[in-house]
Each structure stands twice: as structure tokens, then as C-alpha cells.
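Structural overview for review
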Amino acid sequence: MSANAHSFPKLPRGPDVLGELLHSLSQPLTSLRCSLELSLGHSLEPSRELSIEEVAEQQQESVAAALQQTERVIDMIQLMREYLDAEQPGLSAHLTALAPVMRSVVEELASIAAVCGIQLRLVGTCTATLPVPEARLRLALQYLIAAMIEAQSEGGKVMLLPGEGPAGTVLRMEGERSVRELPTRPNPAGATSASASVLTLRRVRLAIASRVLETAGASLLFGEGDVNSTEFVLRIPRRVGASAR
């Protein structure tokens, strides 16, 4: 495996993260407004060419679309909050062991990966601890592992390989080289917008994970590739990764 600080496109930081999310918010908010206007229009001026049942069905579809866009808005606002929380320095009182949190997250995501036909395995352990609340460390690991699972094609494998050396703890994650690609052919405007939104959310989640871990004193390096990267290396220096007793 080769991973270096320049092998992965620079993740958004600070204002860039919030800027990307705010930009992405415009699409679901516009769709939400259109859905509500359409629903209101049906209720105020029902078409004479449509039956009551057909008008009710159209209203239901409009409301369902509005709810879907509302969920997208809520998710993006939640990501903003998570990124802002990730920028807060960890407290020494919140020293968290990496191994048990990692095992728990892998167990949680293994069933999700299996549904997609992907194997998720944790091989090895470590004694590293990080000065970060457990909930924040869990979130970072969830985002990293989930991104790897999403990038794999059916039948792929994702391996977490923790190890220790004189300099500290190293956690490697490796996946199949055959990854799921984003569409490259021309798409309808709606499909293109959806792909861009998925790409933005993935980048922001990875930025949140990176920020959480870096604030705790670790370093996260991504393997060569794009947002569908199939590897990363998490390094926890000995000064941070003390033995858990």
C-alpha cells in the first residue's frame, strides 16, 4: 500500500466544508418549495380534467417528495453541526480506547456490508487511546468504514488491519481495487445533481472523520484515487497511543 498526504484530493476544510454544504442545500430546498407549491396548487385549483382520486394521488406524491427533500436538508444541517463539533479539541478526561470502539463499529456495519455482498473484517487489535469522547470517535470510524463499503463492488472485501510499532499505532484499511464508479456518461439534470450531492456528502463525512482524528492528535492519510479510494492509513503517535490499562 502506498499512501501519502498528496495522493487523495484535498478534503474540504473549515469554511469550505460549510460552503459546500450550503451550496448543496439549495437543490433540496428548491425542490421542497416546488413540491409544496405544487401540492398547494392542487388543493386550491383542482383540475376539472382530473378525478378527486387523481388529485389526491398527486397531492400525496408532492407531500412525499417534500418529506424526502426535508430529510436531505436535515441531514446536511446535522453534518454542519458534526463538523463544528469535530473542530472542538478533545479533553484529557475523555481518553477513549480505540480497539473496543473499532470492534463495535465493525460489528454494527458488517451486517450492512453483507446485504451489499461485501465482506467487512477486523484483523488484529491495538492498545491505542485517543483524547476524544467515545461518541465522536465512533462517528469518525463509522464515516470512514461506511465510505469504504460504499466504494466497493458486490463481492468486494474491506479489511481493517490495526498494528503497533515503536512510533505508535497504525490502522490500515484496505479494500478491493475493483470499486464502484460514479457515472461518467451524460445524465439528466436531476441525476447529475443527485450524483454531485452524493459526492459532496461523502467528501464532507470524510472531512469530519479526518478532523475528529487530527484534533485528537492522530493523522489520516488516504490512498491513491478519488473519493472512491480503496485504502487509508490512520497513525496514532506513541505520545497519544498509550497502553490502555
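For the structure given in this document, a descriptive report is provided here. This is a predicted model, so every value here is computed, not measured.

Some points on the environment of Met80
The topology assignment puts Met80 in helix α2 (residues 52-86). Between the C-alpha atoms of Met80 and Val204, which are 124 residues apart in sequence, the distance is 8.9 Å.

Notes on the pairing of strand β7 (residues 231-237)
In terms of burial, β7 is a largely internal element, five of the seven residues being buried. Alignment of strand β5 (residues 168-175) against β7, held across seven bridges, turns out to be antiparallel. Bridging from a neighbouring strand, Met173 pairs with Phe232 of β7.

Observations regarding a negative patch on the surface
Residues Glu53, Glu54, Glu57 and Glu61 make up a contiguous surface patch of negative charge. Checked against the element boundaries, Glu57 lands in helix α2. Among the residues examined, Glu57 registers a relative accessible area of 46% and is labelled partly exposed.

Some words on the sheet that holds strand β4 (residues 157-165)
Strands sit in the order β2-β4-β5-β7-β6 across an open sheet of five strands; the sheet is mixed. The sheet is open, and its two borders are formed by β2 (119-122) and β6 (219-222), each paired with just one other strand. Neighbour-to-neighbour, the strand axes of this sheet turn through a mean angle of 15°, independent of strand direction. When β2 meets β4, the two strands line up parallel, connected through four bridges. Bridging from a neighbouring strand, Leu120 pairs with Val158 of β4. With respect to the sheet, helix α4 (residues 134-151) is in contact with β2, β4, β5, β6 and β7, its orientation differing from that of β5 by roughly 25°.

Quick notes on the environment of Pro131
Along the polypeptide, Pro131 turns up in strand β3 (residues 129-131). Sequence separation between Pro131 and Leu95 is 36 residues; the distance between their C-alpha atoms is 4.3 Å.

Here's the deal with the pattern of salt bridges
According to the stated counting rule, one finds three salt bridges in the structure shown. Arg138 is the salt-bridge partner of Glu108, the closest N and O atoms lying 3.7 Å from each other. Residue Glu108 is located in helix α3 (residues 98-115), and its partner Arg138 is located in helix α4; the two are separated by 30 residues in the primary sequence. Classification of Glu108 as partly exposed rests on a relative accessible area of 38%. A network of salt bridges, in which partner residues are shared, links Glu108, Glu134 and Arg138.

Focus on the packing of aromatic side chains
Summed over the entire model, instances satisfying the criterion amount to one aromatic pair. The cationic tip of Arg205 hangs over the ring face of Tyr143; the distance from NZ or CZ to the ring centre is 5.9 Å.

Considerations on α3
With 18 residues, α3 extends 26 Å from end C-alpha to end C-alpha; this agrees with the ideal 26 Å at 1.5 Å per step. Along α3, the sharpest change in direction is near 30° and occurs at Leu109. Along α3, the residues classified as buried are Leu98, Ala99, Val101, Met102, Val105, Val106, Leu109 and Ala113.

Definitions and limits used
Residues numbered from 1 in each chain as written. Predicted model: local features only at pLDDT ≥ 70, side-chain atom pairs only at ≥ 80, totals over all residues. Heavy atoms only, no water. Helix = DSSP H or I, 4+ residues; strand = E, 2+ residues; numbered from the N terminus. Buried < 20%, exposed > 50% of the residue type's maximum accessible area, 1.4 Å probe, protein only. Pairing = 2+ DSSP bridges. Patch = residues over 30% accessible without salt bridge, like charges linked within 9 Å, V, L, I, M, F, W, Y side chains within 5 Å. Areas by Shrake-Rupley, 256 points an atom, 1.4 Å probe, with all protein chains shown as cover. Salt bridge = Lys/Arg side-chain N within 4 Å of Asp/Glu carboxyl O. Lys, Arg positive; Asp, Glu negative; His and termini not counted. Charge placed at Lys NZ, Arg CZ, Asp CG, Glu CD. Axes fitted to C-alpha atoms, helices over the stretch in contact; angles between N-to-C directions. Contact = heavy atoms within 4.5 Å. Phe/Tyr/Trp six-rings, centres within 6.5 Å; stacked < 30°, edge-to-face > 60°. Lys NZ or Arg CZ within 6 Å of the ring centre and 35° of its normal. Expected span 1.5 Å × (residues − 1). Bend = angle between axes of the 7 residues up to and from the residue.

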